[in-house]
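Chain residues, written in single-letter form:
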Amino acid sequence: MTGHFDVIIIGSGAGGGTLFHALAPSGKRLLLLERGEYVPREKDNWSTRAVNLEGKYNTRETWRDRDGRPLHPHTNYFVGGNTKFYGAALFRLRREDFGEVKHWGGVSPAWPIAYEDLEPYYTRAEHLYQVHGERGVDPTDPPASAPYRHGPVSHEPRIQQLSDDFARVGLRPFHVPLGVMLNEKDPHASRCIRCDTCDGHPCLVSAKADAQVVCIDPALAHPNATLLTGAHVTRLETSSSGREVTRVVVERGGQAEVYSAEVVVVSAGAINSAALLLRSANGKHPHGLANGSGVVGRHYMGHVNSVMMALSKCPNPTVFQKTLAVNDFYFGSPEWPHPMGHISFVGKLDAYTLKAGAPAIAPGWTLDLMARHSLDFWLTSEDLPDPDNRVTLDRDGNIVLSYTPNNEEPHRRLVARLQQLMKQQTKCAVHGHECHEGLFARSLYLGQRIPLAGVAHQNGTVRFGHDSQTSALDVNCRAHEVDNLYVVDGSFFPSSAAVNPALTIMANALRVGDHLRGRLGA
Ligand SMILES: Cc1cc2nc3c(=O)[nH]c(=O)nc-3n(C[C@H](O)[C@H](O)[C@H](O)COP(=O)(O)OP(=O)(O)OC[C@H]3O[C@@H](n4cnc5c(N)ncnc54)[C@H](O)[C@@H]3O)c2cc1C
Ligand code: SF4
């Protein structure tokens, strides 16, 4: 198969899937190229053993770290991209994150657009992805032009108790904004059943607002929209001037196929998009396509993340745990005036998931017992863009990911604050204050202990900006050097902030979608 289209989008995740949906009603001929297939609907979708211990849906691709050691990335190649597996915590960046922010470890640079430029698209993205939340409780919440269309997902009793404890000591805990199709008023009619295998798993009943369910499937009802699965884009070729992409080279079913379009949008995830541009070097673009600045592949960020288990003698019977968050330390505290980050939850851990992460076992506990008695926190702090943290290719064109963590002290402080908070919980009726046993770190990186493999929040490798010397994309996410080339996945971030990235990728894809409609006269 070959053909010419108005727009080709490469990659069907948060960025590409959302853009596909935005452009589908335009009548323009769209081709979405996705290297993966649909996630099979099967009972293993909800098996922690299959998903977390055996890594059934992880790519088998091997990357390398900067020392040449093999890296098995925790990432997924399917229709809908990593949104099929995400926890659907859909946060806006804070308004301040768009400006320059001073951190303990350096400066987080300003974005070339202001929060207000993205705000209308955040609202559209929240409505599209059916976010359930509550405005004005999170003390760092940026202003919004419309309420959420769905109220917040309620806390189960143990989480409500913790929320009350946090509020009692003066914090302002709030409900995580979540893209799940839950109707708590009418559970019988609710598509979401509020299960314990959401975060990290595909949803067997299609109740998670992921890019396939919410964007790609409805977009395909338009006759002008085409999806090709198993379509691995290996190279982009340009005209002799180097000013436009003229050929999109695809490997599909062992055969090479070539497509072309007026506009080509790369959205393969921050690591694969950078790799694709680097692989597409030619005489006019000797260091990689659109890489005259040399920034393509650089400034890789992925957050400083931890999963911390707070163990109690009493069990934690919570099923759907990811409902509570705390942002009181996001910009620092009176005692330590540097941004620290964000505290929330992961899905409830069980013994299989713990076994995969190989945590230190608390003395006197088994993995199963730990899992039944833990509150499982997710802590995120901002990592800063370092040009030496980067994606490159080895001699065979395989991905090499070099990363040295930075700005780690704020994360240690955040963990210490959580530790303090857990000691201030209300006295348990059975064990008194002795109920809390302590905080234990769980290695995040499933199936291996290589921290670098946890690339869930990858971003920053094809940054946008005003200056073509220091950025690869302009403010519309168009390549400075290639007129018809755009990038709309997490690559465009100039800084990573400290909340989950997906909603910002979706909102930006809608923004770029409006720009493209203007460009195409649609
Ligand atoms: C377990 C897990 C939990 C997460 N939880 C959250 C959360 O709660 N909240 C949040 O905001 N974020 C979360 N994330 C992160 C979120 O999923 C990502 O930020 C988001 O999906 C990134 O969108 P993207 O468009 O940049 O890339 P992706 O969604 O990764 O999409 C890229 C797509 O491109 C395809 N592709 C790659 N290379 C090629 C190629 N050469 N040719 C064709 N196709 C290609 C891939 O198969 C993939 O479908 C989570 C991620 C994981 C893994
Ligand atoms: S049913 Fe609800 S909680 Fe369970 S995986 Fe689906 S969206 Fe998540």
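Rules used throughout
All residue numbers refer to position in the chain's written sequence, counted from 1. To read the labels, note that chains go from A and ligands from 1, taken in the order they are written. Totals for whole chains, interfaces and linings use all residues, but because this is a predicted model, local features are given only for residues with pLDDT of at least 70 and pairs of side-chain atoms are given and counted only at 80 or more. Hydrogens are left out, water is left out, and the side-chain values use all remaining heavy atoms of the structure. Here the rule is simple: two strands pair whenever DSSP picks up at least two bridges between them. In this text, helices come from DSSP runs of H or I with a minimum length of four residues, and strands from runs of E with a minimum of two, each type numbered from the N-terminal end. Every residue is assigned a pLDDT by the predictor, reflecting its confidence on a scale from 0 to 100. We call two residues in contact when some of their heavy atoms are within 4.5 Å. Using a 1.4 Å probe on the protein chains alone, a residue whose accessible area is under 20% of its type maximum counts as buried, one over 50% counts as exposed, and one in between counts as partly exposed. It suffices for a single heavy atom of a residue to lie within 4 Å of a molecule or strand for the residue to be listed as near it. Pairs of N or O atoms within 3.5 Å make up the polar contacts considered here, provided that, within protein, one atom can donate a hydrogen while the other can accept it, and that residues adjacent in sequence are counted only when both atoms are side-chain atoms. Per-residue and other accessible areas follow the Shrake-Rupley method at a 1.4 Å probe size, with only the shown protein chains counted as cover for residues. Residues are grouped as follows: nonpolar covers Ala, Val, Leu, Ile, Met, Phe, Trp, Tyr, Cys and Pro; charged covers Asp, Glu, Lys and Arg; every other residue, Gly included, is treated as polar. Angles run from 0 to 180 degrees between N-to-C directions of axes, and those axes are lines fitted to C-alpha atoms, restricted for helices to the stretch in contact. Left-handed describes a crossing whose near helix is turned anticlockwise from the far helix through less than a right angle; right-handed describes the clockwise counterpart. One less than the residue count of a helix, multiplied by 1.5 Å, gives the span that helix is expected to have. Directions are taken from the helix axis to each C-beta atom, and the arc is the one they span.

**Quick look at the pairing of strand β10 (residues 245-252)**
Next, step 1: As judged from the seven bridges shared by strand β9 (residues 231-238) and β10, these two strands associate in the antiparallel manner. Paired with Glu 237 across the two strands is Arg 247, which belongs to β10.
Next, step 2: Hairpin connection between β9 and β10: a loop of six residues separates the two successive antiparallel strands, and Gly 242 in this loop has a positive phi of roughly 80°.
Next, step 3: Bridge count for β10 against strand β11 (residues 255-266) is five bridges, and the pairing is antiparallel. In the strand pairing of β11, Glu 251 is matched with Ala 256.
Next, step 4: Connecting β10 to the next strand, β11, in antiparallel fashion are two residues, including Gly 253 with a positive phi near 55°.

**Some details on the confidence of the model for the protein chain**
Next, step 1: Summing up the model confidence of the protein chain, the mean pLDDT is 94 and the portion of residues at 70 or higher is 96%.
Next, step 2: Across residues 444-450, where pLDDT falls below 50, the model places 20 contacts with residues more than four positions away in sequence or in other chains.

**Examining the sheet that holds strand β17 (residues 399-402)**
Next, step 1: Strand order in the open sheet formed by four strands is β4-β3-β17-β16, and the pairing between neighbours is mixed. The open sheet terminates on both sides in strands that have one partner only, identified here as β4 (70-71) and β16 (390-393).

**So, unusual backbone geometry**
Next, step 1: The phi angle at Ser 206 is positive, at roughly 50°, despite the residue not being glycine.
Next, step 2: When you line up the elements, Ser 206 lands in the loop between β7 (174-175) and α5 (211-219).
Next, step 3: On the basis of relative accessible area, Ser 206 is assigned to the buried category, the value being 19%.
Next, step 4: Even without being a glycine, Cys 477 presents a positive backbone phi close to 65°.

**Observations regarding the site of ligand 1**
Next, step 1: In the neighbourhood of ligand 1, 37 residues make up the surrounding shell, with Gly 15, Glu 34, Asn 82, Ala 89 and Ala 502 lying closest.
Next, step 2: At 3.3 Å, a backbone N or O of Ala 14 approaches an oxygen atom of ligand 1.
Next, step 3: Between a nitrogen atom of ligand 1 and a main-chain N or O atom of Val 233, the distance comes to 3.0 Å.
Next, step 4: Here ligand 1 has 1,000 Å² of accessible area as a free molecule, and 96% of this is covered by the chains.
Next, step 5: Counting residues per element, the ones that place at least two in the shell around ligand 1 are α1 (14-23), β9 and α10 (502-520).
Next, step 6: Grouping the amino acids of the shell around ligand 1 by side-chain chemistry returns 16 nonpolar, 16 polar and five charged.

**Some thoughts on the packing of α1 against α5**
Next, step 1: Interaxial distance between α1 and α5 falls to 8 Å at its minimum, and their mutual angle equals 35°. Considering only the axes of α1 and α5, their crossing is left-handed. Taken together, the residues of α5 that come into contact with α1 (itself represented by Ala 14, Gly 17, Thr 18, Phe 20 and His 21) are Ala 211, Val 214, Cys 215, Ile 216, Pro 218 and Ala 219.
Next, step 2: Taken together, the residues of the contact of α1 with α5 break down into eight nonpolar, three polar and no charged.

**Quick notes on helix α4 (residues 157-168)**
Next, step 1: Between its terminal C-alpha atoms α4 stretches 16 Å, which fits the 16 Å expected from twelve residues at 1.5 Å a residue.
Next, step 2: Those residues of α4 not exposed but buried are Arg 158, Ile 159, Leu 162, Ser 163, Asp 165 and Phe 166. End-on, the buried residues of α4 take up no more than an arc of 160°, which puts them together on one face. Away from its buried face, by an angle of more than 90 degrees, α4 presents the exposed residues Pro 157 and Arg 168.
Next, step 3: Considering only its buried residues, α4 is in contact with β13 (324-325), β14 (342-345), β15 (374-381) and α9 (409-423).
Next, step 4: Looking one or two residues beyond α4, the residue adopting positive phi is Gly 170, at roughly 100°.

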